[in-house]
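# Observations on chain architecture
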Amino acid sequence: MSLALRLRAPLSSTAAAVLRNHRAFRQSAHLRLRLMSTESQQKQYEFILTSRPADGVGLITLNRPKALNALSTPLFTELNDAVRAFDEDDSIRALVLTGSERAFAAGADIKEMKDKQFSDVFKNKFLESWGLLTTIRKPIIAAVSGYALGGGCELALMCDIILASPTAVFGQPEISIGVIPGGGGTQRLARAIGKSRTMELTLTGRNFSAQEASDWGMVSRVVPEGEGVVVKEAVEMAKLIASKSAIAVQAGKEAVNAAYEHTLNEGLRYERRLFHSLFATKDQKEGMAAFAEKRKPNWSHS
């Protein structure tokens, strides 16, 4: 019998069963490979946790409990990676950054720093990578409980909004270990609470309470007492922000931040240009039409 005739001949029941099993195996293997590929694409972090607690909201939780969330280089590498990923994700429109009830972040990792030399920290731009957080276009809300000292206070100041638990304790105690703040503390704190208070805190290393931070305008508000309340409040705020036009939110953040970089006249001019530019967006047309028609807007974020 020729090969062509053999190929056209009906398969025996045994051969048909073998063929079916082979196809099922291939399909199963293909499915397993797809699942493995998906799992491999999900980032596995050692020092932080990430989640999506509400529509449009990304949550990052510092997770070094034994070290009170001390900010080591590996932790900040993971934090930068997670923040960047959320910033590039169009489904996320606002971020929340938090720690534990006991500590938002108790400072930089002293064990990592204590033996470093000038040539090492200078050549390798030590702490410079911390600044990536301030380049993120989406708003970041810090939910602070417990200690936010040294680098932890600086990390909170890098965020756009700070909500504090009544248990929050802030401070820049670096003077007590023979250095000064190196992650922006002297600069951002002075802009938030003024020169005299910043000078006092920098030169004495005194800690200050959540209520003091609120009275001075450093934090947006102190939330009610209770475990997890500050994170819940921050997520609700992020959820509200995420319900707005993403383009308008990013423009608003950019305009407010410009106030720290420009003179008043330059800032006003910059604000007007951003305001004018929003008239080129679909969301401006939708938002104003919805207001005139007394209905909720349906944002396209475009």
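Structural notes, computed from the coordinates. In this text, all values refer to a predicted model and were calculated from it rather than measured experimentally. (Residues numbered from 1 in each chain as written. Predicted model: local features only at pLDDT ≥ 70, side-chain atom pairs only at ≥ 80, totals over all residues. Heavy atoms only, no water.)

Let us now look at the pairing of strand β3 (residues 94-98). Summarising burial for β3: five of the five residues are buried, a large majority. Here β3 shows no split at all, with Ala94, Val96 and Thr98 on one side and Leu95 and Leu97 on the other all buried. As judged from the five bridges shared by strand β2 (residues 57-62) and β3, these two strands associate in the parallel manner. For Thr61, the partnering residue across the bridge sits in β3 and is Thr98. What joins β2 to β3 is helix α3 (residues 73-88), and the crossover it makes is right-handed. For β3 and strand β5 (residues 140-144), the ladder comprises four bridges, and the chain directions are parallel. Bridging across to β5, Thr98 finds its partner in Ala143. (Buried < 20%, exposed > 50% of the residue type's maximum accessible area, 1.4 Å probe, protein only. Helix = DSSP H or I, 4+ residues; strand = E, 2+ residues; numbered from the N terminus. Pairing = 2+ DSSP bridges. Right-handed = clockwise from strand over helix to strand, strands pointing away.)

So, on to helix α13 (residues 282-292). By the burial criterion, the buried members of α13 are Asp283, Gln284, Glu286, Gly287 and Ala290. In a view along the axis of α13, the buried residues occupy a sector of 170°, so they form one face of it. Opposite the buried face of α13, by more than 90 degrees, sit the exposed residues Lys282 and Ala292. Residues of α13 that are buried in the fold lie against α11 (246-258). (Arc of directions from axis to C-beta. Contact = heavy atoms within 4.5 Å.)

What follows covers the sheet that holds strand β6 (residues 147-149). Each strand in a sheet pairs with another by means of backbone hydrogen bonds, the pair being arranged parallel or else antiparallel. As summarised here, the arrangement of the four strands in space is β4-β6-β8-β9, forming an open sheet in which the pairing is mixed. Strand pairing shows two members of the sheet lacking a second neighbour, β4 (103-105) and β9 (207-209), which therefore form its edges. On average, each strand axis in the sheet is tilted by 25° relative to the strand beside it, whichever way the strands run. By the bridge criterion, three bridges tie β6 to strand β8 (residues 169-171) in an arrangement that is parallel. The residue bridging Ala148 from the neighbouring strand is Phe170, located in β8. Against the sheet, helix α6 (residues 151-158) makes contact with β4, β6 and β8, and its axis sits at roughly 90° relative to β6, the strand it touches most. (Axes fitted to C-alpha atoms, helices over the stretch in contact; angles between N-to-C directions.)

Let's shift gears to the nonpolar core. By size, the foremost hydrophobic cluster in this structure holds 43 residues, and its most contacted members are Leu97, Phe104, Val144, Leu155, Ile162, Phe170 and Met218. The greatest single-element share of this core, amounting to six residues, is contributed by α3. Ignoring anything within four residues of it in the chain, the contact list for Ile162 reads Ala142, Val144, Ala156, Leu157, Phe170, Met218, Val219, Ser220 and Arg221. Of all hydrophobic cores here, the second largest spans 17 residues; its members include Leu59, Val230, Ala234 and Val249. (Core = buried A, V, L, I, M, F, W, Y, C linked by side-chain atoms within 4.5 Å.)

Further remarks concern the packing of helix α7 (residues 185-193) against helix α8 (residues 195-204). Between α7 and α8, the shortest axis-to-axis distance is 7 Å and the interhelical angle comes to 140°. Here α7 is positioned oblique relative to α8, judged by the angle of their axes. For the pair α7 and α8, the crossing hand works out as right-handed. For the pair α7 and α8, the contacting residues are Thr186, Leu189, Ala190 and Ile193 in the first and Lys195, Arg197, Thr198, Leu201 and Thr202 in the second. Taken together, the residues of the contact of α7 with α8 sort by class into four nonpolar, three polar and two charged. (Parallel < 35°, antiparallel > 145°, perpendicular 65-115°, else oblique. Left-handed = near helix turned anticlockwise from the far one by under 90°. Nonpolar A, V, L, I, M, F, W, Y, C, P; charged D, E, K, R; others polar.)

Bridge count for strand β1 (residues 48-54) against β2 is five bridges, and the pairing is antiparallel. Its bridge partner being in β2, Ser51 is matched across the sheet by Leu59. Between β1 and β2, which follow one another and run antiparallel, lie two residues, and Gly56 among them has a positive phi close to 80°.

In this description, an aromatic ring pair is defined by two values, namely the gap between the centres and the angle between the planes. The full count for this structure, using the stated rule, is four aromatic pairs. Between Phe118 and Phe122, the aromatic rings sit 5.3 Å apart at their centres with planes inclined by 20°, giving stacked as the arrangement. Of this pair, Phe118 and Phe122 are both found in helix α5 (residues 118-123), four residues apart, which corresponds to roughly one turn of the helix. The same class applies to Phe118 and to Phe122, which are both exposed. When the centroid spacing of 5.3 Å and the interplanar angle of 80° are considered together, the rings of Phe275 and Phe279 count as edge-to-face. Three or more aromatic residues joined by ring pairs make a cluster, and in this case those are Phe170, Phe208 and Trp216. (Phe/Tyr/Trp six-rings, centres within 6.5 Å; stacked < 30°, edge-to-face > 60°.)

Let us look at the environment of Ala248. Topologically, Ala248 is positioned in helix α11. Residues Ala248 and Phe275, 27 residues apart in the sequence, show an inter-C-alpha distance of 8.9 Å.

The next point concerns the side chain of Thr61. Locating Thr61 in the fold gives a position in strand β2. Here Thr61 is in contact with Phe47, Ile48, Leu49, Thr98 and Gly99, once residues within four sequence places are set aside.

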